[in-house]
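Listed below, chain by chain, are the residues.
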Amino acid sequence: MSSDKVGAELCKGINGLDKVVLRESRGASAEVYLYGGQVTSWKNDHGEELLFVSSKAIFKPPKAIRGGIPICFPQFGSHVSLEQHGFARNRQWSIDTDPPPFPTNSLSKAYVDLILRPSEEDLKIWAHSFEFRLRVALSPGGDLMLTSRIRNTSADGKPFTFTFAYHTYFSVSDISEVRIEGLETLDYLDNLQNKERFTEQGDAITFESEVDKIYLSTPTKIAIMDHEKKRTFVLRKDGLPDAVVWNPWDKKAKQMADFGDDEYKHMLCVEAAAVEKPITLKPGEEWKGRQELSAVPSSYCSGQLDPRKVLLSC
Ligand code: TA6
């Protein structure tokens, strides 16, 4: 396929890793690496990059790529026997040549179906057979949609339980000028205070230091406003009741080898997740978790933001 046609194109990315480039008719594009099943780019129809990937990201197994949308499965966070955030983001996915029918509401051709099954090695550390199908799609308007379908394919009759997150790194112009609408007044677990439970105050969330919070039972729509760019990211989610908000700030940024010391100023993770209530699947059962990202002009005017207008207008 020539490089400017609408649809999906398999090609080589950084360090010769396989990636699929998705292109939409109005110019929007996205890229997903088969390593980790990880989206690493989402551009609007002006070619502006909307996701953050660290300039020091290591595109080399077994390290997860720092940025884009890492997939946290079979667990979000730490685990007795698995690496942080599970192993899905550290594995080589395949293109799913025979996906089950997908109730798609879009005629877009800009999508790819990936699949991950556990290797013999994986089964030694997490003894459950599964099929994890991931569809990454661009809508004609340039929205980015990720749909995960995880099925328990165990023959041993045993159920399994997992937690999950789309660990999305949004690109922002200046973290000190970013607000999140939609999480105010909710309870959250604070990772910086031994996962103790607190209740968020009533205003939009702003940032002036490290934040690492798991908001519980959150709305299906969350707005992330970038004041300088007059841009609002709208995250819509389904099957993912929680939302993780993370910025490492300066001290943690310096401690991460694959993250620039000042890069915390230009990124914010807002992650559609299922953490508080782990998901249990019996053999044959399938779980579906979806997130849809759009980037719309903000409705800021002289710093006054009508949260209802933003969340209802998009
Ligand atoms: O999503 C927030 C978080 O759990 C933070 O605690 C921080 O560890 C971040 O994920 C990044 O984790 P990673 O394993 O990708 O370095």
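Residues numbered from 1 in each chain as written. Predicted model: local features only at pLDDT ≥ 70, side-chain atom pairs only at ≥ 80, totals over all residues. Heavy atoms only, no water.

- By the naming in an unreviewed UniProt entry, the protein goes by glucose-6-phosphate 1-epimerase and is assigned to Dipteronia dyeriana.
- Under Catalytic activity (unreviewed entry), UniProt gives the following word-for-word description of the protein: "alpha-D-glucose 6-phosphate = beta-D-glucose 6-phosphate".
- Under Sequence similarities (unreviewed entry), UniProt gives the following word-for-word description of the protein: "Belongs to the glucose-6-phosphate 1-epimerase family." (UniProt positions renumbered as here; feature names shortened; annotations may be inferred.)

**Let's talk about the site of the ligand**
Line of reasoning, step 1. What surrounds the ligand is the set R66, F76, Q84, H85, R89, H167, D212, V244, W246 and E271.
Line of reasoning, step 2. At 2.9 Å, a side-chain N or O of R66 approaches an oxygen atom of the ligand.
Line of reasoning, step 3. Residue Q84 places a side-chain N or O atom 3.1 Å away from an oxygen atom belonging to the ligand.
Line of reasoning, step 4. When the ligand sits alone it has 390 Å² of accessible area, and the protein chains cover 82% of it.
Line of reasoning, step 5. Its residues assigned to classes, the shell around the ligand shows 3 nonpolar, 3 polar and 4 charged. (Near = heavy atom within 4 Å. Polar contact = N/O pair within 3.5 Å; in protein donor to acceptor, adjacent residues only side chain to side chain. Areas by Shrake-Rupley, 256 points an atom, 1.4 Å probe, with all protein chains shown as cover. Nonpolar A, V, L, I, M, F, W, Y, C, P; charged D, E, K, R; others polar.)

**Looking at the UniProt feature "binding site: substrate" (unreviewed entry) in the protein**
Line of reasoning, step 1. If you check UniProt for "binding site: substrate" (unreviewed entry), the listed places come out as R66, Q84 and R89 in our numbering. Taken together, the annotated residues stretch across 24 residues yet fold into one region, lying no more than 13.4 Å apart by C-alpha.
Line of reasoning, step 2. Looking at the element boundaries, Q84 is found in the loop between strand 5 (71-72) and strand 6 (94-95).
Line of reasoning, step 3. A residue is classified by how much of its surface remains accessible, and Q84, at 44% relative accessible area, is partly exposed.
Line of reasoning, step 4. Dropping the residues within four chain positions of it, Q84 is found in contact with Q75, G77, S78 and R89.
Line of reasoning, step 5. With respect to the helices, strands and loops of the structure, R89 is situated in the loop between strand 5 and strand 6.
Line of reasoning, step 6. For R89, the contacting residues outside a window of four places in its chain are Y35, G36, Q38, A64, P70, I71 and Q84. (Helix = DSSP H or I, 4+ residues; strand = E, 2+ residues; numbered from the N terminus. Buried < 20%, exposed > 50% of the residue type's maximum accessible area, 1.4 Å probe, protein only. Contact = heavy atoms within 4.5 Å.)

**As for the side chain of E184**
Line of reasoning, step 1. Its place among the elements puts E184 in the loop between strand 12 (178-181) and strand 13 (187-190).
Line of reasoning, step 2. Comment: no salt bridge for buried E184; closest opposite-charge side chain is R179, at 8.0 Å.
Line of reasoning, step 3. Sequence-distant contacts of E184, defined by excluding residues within four places in its chain, comprise E200, Q201, G202, D203 and A204. (Lys, Arg positive; Asp, Glu negative; His and termini not counted. Salt bridge = Lys/Arg side-chain N within 4 Å of Asp/Glu carboxyl O.)

**Observations regarding the UniProt feature "active site" (unreviewed entry) in the protein**
Line of reasoning, step 1. In this numbering, the UniProt entry assigns the feature "active site" (unreviewed entry) to H167 and E271. The greatest C-alpha distance among the residues just named is 4.9 Å, despite their covering 105 residues of sequence, which places them together in space.
Line of reasoning, step 2. Within the secondary structure, H167 sits in the loop between strand 10 (160-166) and strand 11 (169-171).
Line of reasoning, step 3. The exposure class of H167 is buried, given its relative accessible area of 6%.
Line of reasoning, step 4. With respect to the element layout, E271 can be found in strand 19 (residues 267-281).
Line of reasoning, step 5. Taking relative accessible area as the criterion, E271 reaches 1% and is therefore assigned buried.
Line of reasoning, step 6. Setting aside its immediate chain neighbours within four residues, E271 contacts F76, A165, Y166, H167, T168, D242, A243, V244 and W246.

**Some points on the sheet that holds strand 1 (residues 7-12)**
Line of reasoning, step 1. Spatial strand order, 1-2-3-4: 4 strands in an open sheet with antiparallel pairing. The open sheet has two edge strands, strand 1 and strand 4 (38-43), and neither has a second partner. Across this sheet, the average inter-strand angle for adjacent strands is 20°, counted without regard to direction.
Line of reasoning, step 2. Here strand 2 (residues 18-23) runs beside strand 3 (residues 29-33); their pairing, made up of 5 bridges, is antiparallel. Pairing of V21 across the sheet is with E31, part of strand 3. (Pairing = 2+ DSSP bridges. Axes fitted to C-alpha atoms, helices over the stretch in contact; angles between N-to-C directions.)

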